[in-house]
Each structure stands twice: as C-alpha cells, then as structure tokens.
Amino acid sequence: MVGVVVVVVLTAVVDPFTTTTFTLLGTDVQLPAANISVVHYVTSVVQCAAVANRAGAVTFCTSGSAQVGVKCSLGAPGAPPPATLTPTVTPGLQNLVWAAPPTAAAGSNSTSNSTTATCYTLTTAPCATSDNGKMYLHPTNCSRFLQCSVGTVYDMPCGIGTNFFLSLQGCGFPGSLPEPCSC
C-alpha cells in the first residue's frame, strides 16, 4: 500500500510587505484549549489567517463555514505548534489546524501595546503616504482607534463591546489579550 500525503498551503498577505504561509496540520482536530489565546468570528479561513498573521500567531484553528461564519481560534503569539492536537467531531463542520514556521510570524510587523507605546492624537499621528492604513492607539478611549488614510488621520470606532489592540491591529473583546488598550 502506498501512502499519500497532501499538503495544503494558505498564504496570508496583510500588506505588501508582510506575507506568512500557513500549512494545514490536521483536519477534524482542534488546538488544545490551553494553547488558544483569543477567538474571533470571521467570514473565511483566509481572513482568519490574516488576523493570525497580524497577531503574530504561529498556529490557528478554524471551524465553521462561510455560510454560518468561521470560528477563528489563535494560538499564543510566537508559540510553536502543540505536539498533540485534540480530535473533534462536529457534525456538518470541519475543524482545521494551520501552522506557520515560527520565523515567519516572528518576522511580521505586529507590535504589542505597552506602557512605552507612542500615543498620538488626530493632529500628531504620522500619516504620510507610507503610513496609509496604519492604526494607532486612541489617546483616551479603549473602544476607539486612530487610522491613517490618504494623508488624513481618522478617529474610528470598534464594534460594540470591543476594544482596540495594537498587536492585532484591530478590535477584540476586553481581556482577550494581556495588554493595555489605550495610552
């Protein structure tokens, strides 16, 4: 009997300078609960890969479908893939675990919030052509952020009940990351 190995590759391009390739580690398995740092609900596996790349996560697990929504569970930023994966049986849904080489995630341009993060206002945030799309901490409100677009800085809201996290370059539920959300 001849064994066949199939490798599925998914590439996340967050911006023209950051690309991470994730390889499918297993189907009908999940990351162990202890390895999951945050869960997002997105519309596709590709969107989950982009979120993982921005967060610096080397592994992520998806379940669901575009019709019902995709649960996107991220591994801890920079943590290697777990040695064992948890088997799952979810009728009608396939669970997939993806991983990237640790050096790919480490090379991403994600940053984390810290007490030394530079705080900007609408008038002081950098917003040259090269800064287009960049997001910054809001100086006073965790549920808002500043975003540069075509030379202008905008004060943007997060979704209801969520806060902006610099390491995600997006919004998430409070307590989902161990970092402060504003200056």
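Model, not experiment: these values are computed from the prediction.

J.: Which parts of the structure should I look at to understand the overall build of the protein chain?
T.: Secondary structure assignment for the protein chain yields 2 helices and 13 strands. A total of 183 residues make up the protein chain; the buried ones form 38% of that total. Total accessible area on the protein chain stands at roughly 9800 Å², and carbon and sulfur atoms take up 61% of it.

J.: Just to check I follow, could you spell out the pairing of strand β6 (residues 69–75) for this structure?
T.: Look at any regular strand and the pattern is simple: side chains alternate between the two faces of the sheet. Buried residues dominate β6, accounting for 5 of its 7 residues. Inspection of the sheet shows strand β4 (residues 36–42) paired to β6 by 6 bridges, in the antiparallel sense. Bridge pairing in β6 places Val39 opposite Ser73.

J.: Teacher, can you tell me more about the nonpolar core here?
T.: The nonpolar side chains of a soluble globular protein tend to be buried, and buried together. Among the nonpolar cores identified, the biggest contains 18 residues, and Phe22, Cys48, Ala52, Phe60 and Leu74 are the most heavily contacted of them. Those elements giving two or more residues to this core turn out to be β4, α1 (45–55), β6 and β8 (96–99). Looking at which element gives the most residues to this core, the answer is α1, with 5 residues. Ranked by size, the runner-up nonpolar core spans 7 residues in total, among them Cys127, Tyr136, Cys148 and Val153.

J.: What is the right way to read the sheet that holds strand β9 (residues 135–137) from this model?
T.: Two modes of strand pairing occur in sheets, parallel and antiparallel, and in both the strands are linked by backbone hydrogen bonds. An order of β9-β10-β11 is seen for the 3 strands of this open sheet, with the pairing classed as antiparallel. Either end of the sheet is taken by a strand with one partner, and the two such strands are β9 and β11 (152–157). Averaged over all neighbouring strand pairs, the angle between strand axes comes to 30°, with direction disregarded. The pairing of β9 with strand β10 (residues 144–149) spans 3 bridges and is antiparallel. The residue of β10 that forms the bridge with Leu137 is Phe145.

J.: Hey, could you run me through the pairing of β11 in this one?
T.: Bridging between β10 and β11 involves 6 bridges; their strand directions are antiparallel. Looking at the pairing, Phe145 lines up with Met156 of β11.

J.: Help me understand the side chain of Ser73 in this model?
T.: Secondary-structure assignment places Ser73 in strand β6. Assessed through its relative accessible area of 6%, Ser73 is described here as buried. The contact partners of Ser73, leaving out residues within four places of it in the chain, are Leu31, Ile36, Val38, Val39, Thr59, Phe60 and Cys61.

Reading guide: rules and limits
- Residues numbered from 1 in each chain as written.
- Predicted model: local features only at pLDDT ≥ 70, side-chain atom pairs only at ≥ 80, totals over all residues.
- Heavy atoms only, no water.
- Helix = DSSP H or I, 4+ residues; strand = E, 2+ residues; numbered from the N terminus.
- Buried < 20%, exposed > 50% of the residue type's maximum accessible area, 1.4 Å probe, protein only.
- Areas by Shrake-Rupley, 256 points an atom, 1.4 Å probe, with all protein chains shown as cover.
- Pairing = 2+ DSSP bridges.
- Core = buried A, V, L, I, M, F, W, Y, C linked by side-chain atoms within 4.5 Å.
- Axes fitted to C-alpha atoms, helices over the stretch in contact; angles between N-to-C directions.
- Contact = heavy atoms within 4.5 Å.

Remember that the coordinates give geometry; whether it matters functionally is a separate question.
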